[in-house]
Amino acid sequence: MREIEVFIDTEEIAEFFFQELIRRGYLPTEAEVEDLADITFEYLLEKCIIDEEIDE
């Protein structure tokens, strides 16, 4: 299997969720969409879809 590099930005995920929730009639808080972004990131890690690299 071929490996590719993918960069996941939780701030970008949060913005995406915010816009999608607004479009669907919800009014989420900033904290709620940040939580959703973190949960999404953790889900991708747990399913081994991504690997976390920590910048030093």
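Quick caveat: nothing in here was measured; it's all calculated off a predicted structure. Every residue gets a number counted from 1 within its own chain, in the order that chain's sequence is written. With the structure being a predicted model, the display of local features is reserved for residues of pLDDT at least 70 and the display and counting of side-chain atom pairs for 80 or more, all residues being used for whole-chain, interface and lining totals. Only hydrogens and water are set aside; all other atoms, that is, all heavy atoms of the structure, feed into the side-chain values.

> Sorry if this is basic, but what is going on with the overall build of the protein chain here?
Secondary structure follows DSSP: runs of H or I at least 4 residues long count as helices, runs of E at least 2 residues long count as strands, and numbering of each begins at the N terminus. If you tally the helices and strands in the protein chain, you get two helices and zero strands. A compact globule built from 56 residues would reach a C-alpha radius of gyration of about 10 Å, whereas the protein chain, at 13 Å, exceeds it by more than 25%. Along the three orthogonal principal directions, the C-alpha set of the protein chain runs to about 40 × 25 × 15 Å. Here's how the labels work: a residue is buried when its accessible area is under 20% of the maximum for its type, exposed when over 50%, partly exposed in between, all with a 1.4 Å probe on protein chains only. The buried share of the protein chain, reckoned over its 56 residues, is 18%. Of the roughly 5,500 Å² of accessible surface on the protein chain, a fraction of 51% belongs to carbon and sulfur atoms. Treating the 4 positive side-chain charges of the protein chain as one cloud and the 19 negative ones as another, the clouds have centres 15 Å apart. Within these notes, the globule rule equals 2.2 Å times the number of residues to the 0.38 power, and the radius of gyration is based on C-alpha atoms. Exposure was quantified through the Shrake-Rupley algorithm and a 1.4 Å probe, taking into account, for residues, occlusion by the shown protein chains and nothing else. The positive count covers Lys and Arg only, the negative count covers Asp and Glu only, and His and the chain ends enter neither. The atom standing in for a charge is NZ when the residue is Lys, CZ when it is Arg, CG when it is Asp and CD when it is Glu.

> Help me out: how do you make sense of unusual backbone geometry in this one?
What you tend to see is this: most non-glycine residues have negative phi, and most peptide bonds are trans. With a phi close to 60°, cysteine 48 is a non-glycine residue in the positive phi region. Residue classification places cysteine 48 among the exposed positions, given a relative accessible area of 65%.

> Got a minute to help me understand the nonpolar core in this structure?
As a rule of thumb, soluble globular proteins bury nonpolar side chains together. Residues Ile13, Ala14, Leu21, Val33 and Ala37 constitute the largest nonpolar core, which totals five residues. Within the residue set of this core, elements represented by two or more residues are helix H1 (10-23) and helix H2 (30-46). What makes two residues a contact is simply this: any of their non-hydrogen atoms within 4.5 Å. With near-sequence residues (within four places) excluded, alanine 37 lies in contact with Thr10, Ile13, Ala14 and Phe17. What makes a nonpolar core is a set of buried Ala, Val, Leu, Ile, Met, Phe, Trp, Tyr and Cys residues whose side-chain atoms join them at distances within 4.5 Å.

> Explain a nonpolar patch on the surface to me, please; I cannot follow it from the model alone.
Two joining distances apply to patches: 9 Å for like charges and 5 Å for nonpolar side chains (Val, Leu, Ile, Met, Phe, Trp, Tyr), and every residue must have over 30% relative accessible area and no salt bridge. By salt bridge we mean one thing: a side-chain nitrogen of Lys or Arg within 4 Å of a carboxyl oxygen of Asp or Glu. Together, Ile4, Val6 and Ile8 give the surface a local cluster of nonpolar side chains, amounting to about 260 Å² of exposed area. Assignment of secondary structure puts isoleucine 8 in the segment before H1.

> For this particular structure, what's the right way to read a negative patch on the surface?
Side chains of Asp9, Glu11, Glu12, Glu30, Glu32, Glu34, Asp35, Asp38, Glu42 and Glu46 sit close together on the surface and give a patch of like negative charge. Of all the secondary structure elements, the ones that give two or more residues to the negative patch are H1 and H2. Sort the elements by how many residues they give to the negative patch and H2 lands first, with seven residues. Tracing the backbone through its elements, the reader meets glutamate 11 in helix H1. Look at glutamate 11 and you get exposed, because its relative accessible area is 64%.

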